[in-house]
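This is what each chain is made of:
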Amino acid sequence: MPNGFLPLSRQELTEQGITQPDFVYVSGDAYVDHSSFGTAIICRLLQSRGYSVALICQPDWRDPQSVQEYGEPRLGFLVSSGNMDSMVNHYTVAKKRRHQDAYSPGGVIGKRPDYAVIVYCNLIRQTYKHTPIIIGGIEASLRRHSHYDYWSDRVRRSILLDSGADLISYGMGEHSIPEIADALASGIGIRDITYIDGTVYKTRDEESIYDAIRLPDFEQVRSDKRQYAYSFAIQHGNTDPFQAKRLYEAYDGKLFVVQNPPAKPLTTQEMDDVYALPFMRAYHPSYEKDGGIPALSEIKFSLTSNRGCFGDCNFCALTFHEGRIVQARSHASILAEAKTCLRDPDFKGYIHDVGGPTAEFRRPACDKQLTKGACKHRRCLYPKPCPNLKVDHSDYLSLLRKLRALPGVKKVFVRSGFRFDYLLADKDRTFLRELCEYHVSGQLRVAPEHISDNVLSRMGKPDVGTYNAFCREFEKMNEKLHKNQYIVPYLMSSHPGSTMKDAIALAEYIRDLGYMPEQVQDFYPTPGTISTCMYYTGLDPTTLKNDDPATMQKVYVARDPHEKAMQRALIQYRDPANYALVKEALLREGRADLIGFGDKFLIPPRAPRAGAGVPSGNRGGAGPSKGKADAAGRKAGSAYGKSGSGGKSVKSPGNKERSRHSASSHGGIDSRRRSRKK
Ligand code: SF4
């Protein structure tokens, strides 16, 4: 197998003795040859099957010549926006332009267009009218059906139609992409490749679609929100590779977009084979002069242990992309990669993470999932752990112990999110003990997301009692170990279901905890999540009964930017900049009882003078104050104006970025980043 980087220019292609590549891969990201980058996995996988691939990364979308670098590929173009949806990459939840892009040279923003997949495909079509185009990655995968697009605030058609591509490879792609390549190589026309699991195709012949469910037509979902939610409920119920039916959606009654069932999960051997591909574990040297690719440094010494997640949180697109069935690499495979890290001159002895969408999931939720798939009408962890759930941390524990024992490894961190309800369900506390003893460095980030059960139920998250119980266990364990460590909770504002009352309840909880979140995640309605469906329709698709759209429950949704700002401000009520919003919210809700001086008040009656009277601990980012905020929720001060009584202010940089990185993929997800979204 050839070593070195894949060709990134005509000259490099020629140097590798290739005149016409089998595939040209057009990506919105810069080229990083590492297994955390979807482009690298797909290209290396094709290479391992004997296909040549050349890359065009971040082409100038205003110039058709930019996709002509290699001429016409023998079999087709592969197109992806990169590891993230281009709109999430470019815009904050407030729809403001971001200033940095971790997937571009030097972190510079603006190297790819908005709606990158559509733009790249249209660019290719200007020159290559009939060459097969296969799209994949998170942007294509989660926009495979008609979908609500938050940025333009409208329902868009399937990306297959707007892009002019021939086929979508949705999900992770390791099964479907080689099958597509083999079909094309054997001479099958792209329009006849309609049978591969994990793909979406289009046809005008409804008769040819067999054993399928017809979703509401595009025109219906575009004009009727209840039909939209109903369609989404059907899609969500057909994400399991063992049970899902074929789905299709009609446009004008004569064009049909057909989704084949998802591809089967990878076996451990198949996972190992993917991670054993000859990645260079570096960005292409041509980026060196621009300062490299920032995203690499985040994951270079992190190890992917698993894929898939049976947590199934409503605001996460993972079920739609990787599915609920957990797939894991073998210990041998992970240890081999760790040893590669050890040989890297930049390695300082710290493994930054060993995880995936959920750190400690190393096996499917139950044995049934292996042959029959995940239950359609039941969740594995919500509202309570399923009685059939196999709760077992022994394999993950054993893996962590082996990694810790490697000569040259000083510390193994676990930074992927983990499910505290799953951890609590394990009566054996060995994992918790070793997590606290060896894998946490002062702070443990967990994601209760909210404390109001009203909101948590709309998130598909465990109730606040479960979180509180975990906090007590965590504190008990740290006391036993004589360690001073605390929990940093991730919190989300304005999730569907969250009223102002819920936001105030959360503020009071934070007050009692003595914790000052520096950054709060405002709910971001990205494609492919149940929560986005709720946001758009005001209906909860998980409450569908008897296949009757009329049964879906209404959900309160804060859409007004001012109300969202108030909900958000309440979480950071100690920040003087939020004073006016917090006061308005409290007065509006008749909660003047929370305005005053003392421990039980949120804010004082009058706004503090600019720059005066705010304890450092309440400013955010100022570091620990003398009040200790920890898992037990020790009281650490309340309304500002009481100098020196402020709660602990903790920087949590991951929080701000977690939605940005939440849905990145190669077909493909950088699961460690996404995991923060729990
Ligand atoms: S039986 Fe329980 S654990 Fe197994 S798939 Fe169904 S809900 Fe999940």
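Keep in mind that this is a model prediction, so the values were computed, not measured. (Residues numbered from 1 in each chain as written. Predicted model: local features only at pLDDT ≥ 70, side-chain atom pairs only at ≥ 80, totals over all residues.)

Asks: When you look at the overall build of the protein chain in this model, what are you seeing that I'm missing?
Replies: Counting secondary structure elements, the protein chain contains 25 helices and 26 strands. Put simply, the protein chain has 678 residues, and 54% of those count as buried. Considering only contacts within the protein chain whose residues lie at least 6 apart along the sequence, 75% involve residues at least 24 apart. (Helix = DSSP H or I, 4+ residues; strand = E, 2+ residues; numbered from the N terminus. Buried ≥ 20, exposed ≤ 12 C-beta atoms within 10 Å, placed from the backbone. Contact = placed C-beta atoms within 7 Å.)

Asks: Please clarify how unusual backbone geometry should be interpreted in this entry.
Replies: Between Tyr382 and Pro383 the backbone carries a cis peptide bond, its omega angle lying at -5°. Its place among the elements puts Pro383 in the loop between α14 (368-371) and α15 (394-404). Even without a glycine there, the phi angle at Lys95 is positive, about 65°. Tracing the chain through its elements places Lys95 in the loop between α3 (86-90) and α4 (116-127).

Asks: Which parts of the structure should I look at to understand the pairing of strand β12 (residues 255-259)?
Replies: If a strand is regular, its side chains alternate between the two faces of the sheet. Across the 5 residues of β12, 4 count as buried, placing the element largely inside the fold. Where strand β9 (residues 199-203) and β12 come together, 4 bridges link them in antiparallel fashion. Bridge pairing in β12 links Tyr201 to Val258. Pairing between strand β11 (residues 246-251) and β12: 5 bridges, direction antiparallel. Counterpart to Leu247 in the pairing with β12 is Gln259. (Pairing = 2+ DSSP bridges.)

Asks: Would you mind showing me how to read the site of the ligand here?
Replies: Around the ligand, a shell composed of 13 residues is seen, among which Ala365, Cys366, Cys375, Cys380 and Cys386 lie nearest. Residue classes in the shell around the ligand are distributed as 8 nonpolar, 2 polar and 3 charged. (Near = placed C-beta within 6 Å. Nonpolar A, V, L, I, M, F, W, Y, C, P; charged D, E, K, R; others polar.)

Asks: I'm lost on the packing of helix α13 (residues 331-343) against α15 in this one. Help?
Replies: The description of two packed helices rests on the angle between their axes and on the distance between the axes. Remark: α13 packs on α15, axes separated minimally by 11 Å, with the N-to-C direction vectors making an angle of 30°. Accordingly, the angle class assigned to the pair α13 and α15 is roughly parallel. Relative to α15, α13 is oriented so that their crossing is right-handed. Of the residues in α15, those in contact with His331, Ile334, Leu335 and Ala338 of α13 are Leu399, Lys402 and Leu403. A class-by-class count of the residues in the contact of α13 with α15 yields 5 nonpolar, 1 polar and 1 charged. (Axes fitted to C-alpha atoms, helices over the stretch in contact; angles between N-to-C directions. Parallel < 35°, antiparallel > 145°, perpendicular 65-115°, else oblique. Left-handed = near helix turned anticlockwise from the far one by under 90°.)

Asks: Explanation requested: the pairing of strand β21 (residues 486-493) in the structure shown.
Replies: Among the 8 residues that make up β21, 8 are buried, leaving the element largely enclosed by the rest of the structure. Side chains Tyr486, Val488, Tyr490 and Met492 of β21 all project onto a buried face; the interleaved residues Ile487, Pro489, Leu491 and Ser493 project onto the opposite face, where all are buried too. When strand β20 (residues 443-449) meets β21, the two strands line up parallel, connected through 5 bridges. Along β21, the bridge assignment pairs Glu449 with Leu491. Bridge count between β21 and strand β23 (residues 521-522): 2 bridges; the pairing is parallel. Residue pairing across strands places Ser493 opposite Asp522, the latter belonging to β23.

Asks: For this particular structure, what's the right way to read the nonpolar core?
Replies: Nonpolar side chains in soluble globular proteins tend to be buried together. If you look at the biggest cluster of nonpolar residues, it comprises 159 residues, and the most contacted ones within it are Val79, Val117, Ile135, Leu506 and Leu570. In contact with Ile135, other than residues within four places in its own chain, are Val79, Ser80, Val117, Cys121, Ala140, Ile159, Ser163, Ala165 and Ile168. Counting residues in each nonpolar core, the second largest holds 19 residues, with Phe218, Tyr230, Ala233 and Ile530 among its members. (Core = buried A, V, L, I, M, F, W, Y, C linked by C-beta atoms within 7 Å.)

Asks: Is there a simple way to explain the sheet that holds β20 in this structure?
Replies: Strand pairing in a sheet relies on backbone hydrogen bonds. The paired strands run either parallel or antiparallel. Pairing within the open sheet is parallel, and its 3 strands lie in the order β20-β21-β23. The outermost strands of the open sheet, each flanked by one partner alone, are β20 and β23. Against the sheet, helix α22 (residues 561-571) makes contact with β21 and β23, and its axis sits at roughly 170° relative to β21, the strand it touches most.

Asks: Just to check I follow, could you spell out the confidence of the model for the protein chain for this structure?
Replies: Interpreting fine coordinate detail is not advised for predicted regions of low pLDDT. Overall, the prediction assigns the protein chain a mean pLDDT of 89, with 89% of residues at 70 or greater. For residues 612-678, every residue scores under 50 in pLDDT, and the model assigns this stretch 237 contacts once sequence neighbours within four places are set aside. (pLDDT = per-residue confidence, 0-100.)

Asks: Hey, could you run me through the packing of helix α2 (residues 38-48) against helix α7 (residues 176-185) in this one?
Replies: Running from amino to carboxyl end, α2 crosses α7 at an angle of 45°, the nearest separation of the two axes being 10 Å. The angle between α2 and α7 falls in the class oblique. The way α2 lies across α7 gives a crossing that is right-handed. In this structure, α2 uses Ile42, Leu45 and Leu46 to contact α7, whose residues at the interface are Ile177, Pro178 and Ala181. Its residues placed into classes, the contact of α2 with α7 shows 6 nonpolar, no polar and no charged.

Asks: Would you mind going over the sheet that holds strand β8 (residues 167-169) with me for this structure?
Replies: In space, the 9 strands of this open sheet follow the order β3-β1-β4-β5-β8-β9-β12-β11-β10, with mixed pairing throughout. Either end of the sheet is taken by a strand with one partner, and the two such strands are β3 (53-57) and β10 (212-214). Strand-to-strand twist across the sheet, computed as the mean angle between neighbouring axes with direction ignored, equals 25°. In this sheet, β9 lies alongside β8 in antiparallel orientation, the contact comprising 2 bridges.

Asks: Any chance you could explain helix α9 (residues 225-236) here in plain terms?
Replies: One full turn of an α-helix is made of 3.6 residues, so residues set three or four places apart face in the same direction. Counted at 1.5 Å a residue, the expected span for α9 with its 12 residues is 16 Å, and the 16 Å between its end C-alpha atoms agrees. Inspection of α9 places Tyr228, Ala229, Tyr230, Ser231, Phe232, Ala233, Gln235 and His236 among the buried residues, and these make up the whole buried set. (Expected span 1.5 Å × (residues − 1).)

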